[in-house]
Amino acid sequence: SESDPENGRRINGHHKKFKYGPGGLGGRSLIVRQTVIIFSIVGIIVAASVAIGFAVIGGDPGKKPSVEEGIPDQVLLETAERVVTACSENILDVDRSVCQQLCYSKLCCFQSGDYSCEEDVSKDCAVYAGCEALVEGIPVEAPDEDEE
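Because the structure is a prediction, the values reported are computed rather than measured.

> Any details on the overall build of the chain? Residues and values, ideally.
What the chain contains, in helices and strands, is 5 helices and 5 strands. Taking contacts inside the chain between residues at least 6 apart in sequence as the whole, the part at least 24 apart equals 38%. For the chain, the exposed surface amounts to about 11,600 Å²; the carbon and sulfur share of it is 56%.

> Explain helix α2 (residues 73-86) to me, using residue names and the numbers behind them.
Relative to the 20 Å expected for 14 residues at 1.5 Å per residue, α2 spans 20 Å between its end C-alpha atoms, a close match to the ideal helical length. Within α2, the full set of buried residues consists of L76, T79, A80, V83 and A86. Taken down its axis, α2 places every buried residue within 135 degrees of arc, on the same side. In the core, the buried residues of α2 are packed alongside α3 (89-94) and α4 (97-103).

> Outline the nonpolar core, supporting the account with residue identities and numerical values.
Grouped together as the largest cluster of nonpolar side chains are 13 residues, with contacts concentrated most on V83, C99 and C103. At the level of secondary structure, the elements contributing two or more residues to this core comprise α2, α4 and α5 (132-136).

> Got a sec to walk through the confidence of the model for the chain? Specific residues and values, please.
Chain-level statistics for the chain give a pLDDT mean of 74 and a share of 65% at 70 or above. Per-element averaging of pLDDT across the chain places strand β1 (residues 3-4) at the bottom with 50 and α4 at the top with 90. In this model, residues 61-68 is a region of pLDDT below 50 whose contacts with residues beyond four sequence positions or in other chains number 7 contacts.

> Provide a residue-level description of the state of the cysteines, including the pertinent values.
Following the criterion strictly, the structure yields 4 disulfides and no others. With a sulfur-sulfur separation of 1.9 Å, C87 is cross-linked through a disulfide to C99. One disulfide, between C87 and C99, carries an S-S torsion of 100 degrees and so falls in the right-handed class. Of this pair, C87 sits in the loop between α2 and α3 while C99 sits in helix α4, and the two are 12 residues apart along the sequence. Take C87 and C99: they sit in the same class, and that class is buried. For the chain, numbering the cysteines in disulfides from first to last along the sequence yields the connectivity 1-2, 3-8, 4-6, 5-7.

About the thresholds
- Residues numbered from 1 in each chain as written.
- Predicted model: local features only at pLDDT ≥ 70, side-chain atom pairs only at ≥ 80, totals over all residues.
- Heavy atoms only, no water.
- Helix = DSSP H or I, 4+ residues; strand = E, 2+ residues; numbered from the N terminus.
- Contact = heavy atoms within 4.5 Å.
- Areas by Shrake-Rupley, 256 points an atom, 1.4 Å probe, with all protein chains shown as cover.
- Expected span 1.5 Å × (residues − 1).
- Buried < 20%, exposed > 50% of the residue type's maximum accessible area, 1.4 Å probe, protein only.
- Arc of directions from axis to C-beta.
- Core = buried A, V, L, I, M, F, W, Y, C linked by side-chain atoms within 4.5 Å.
- pLDDT = per-residue confidence, 0-100.
- Disulfide = S-S within 2.5 Å.

Take a look at the structure:
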């Protein structure tokens, strides 16, 4: 069977001309398939953009890490170390003033009832856990200067 590339090709002795696009080979079903493919690609792009957005934000937009509040984690860690050291049993026996200065604004973390701020995340009560020795008289372990 002979073929004519410009006008189509012969099938079973008859000349068939294949046209692509509307009214040709595939017709409406080709347009529907192309539309579905385009919408699928757009959907994948949108989903990937949303996933990247969540990864950049940190996943939970309602949860604010302390860095966004203006206090870096390293500063909180250093403050906690200063509190534990200043409020250790051996330092409290000699001088309570440094521990009192560090803990004064966080005493609500150790109160109960209406005056407690223990549940207030902005107060960073966990950082000032060493202040409990001042409030309760409980010794807190701190490294001696000789041990370091």
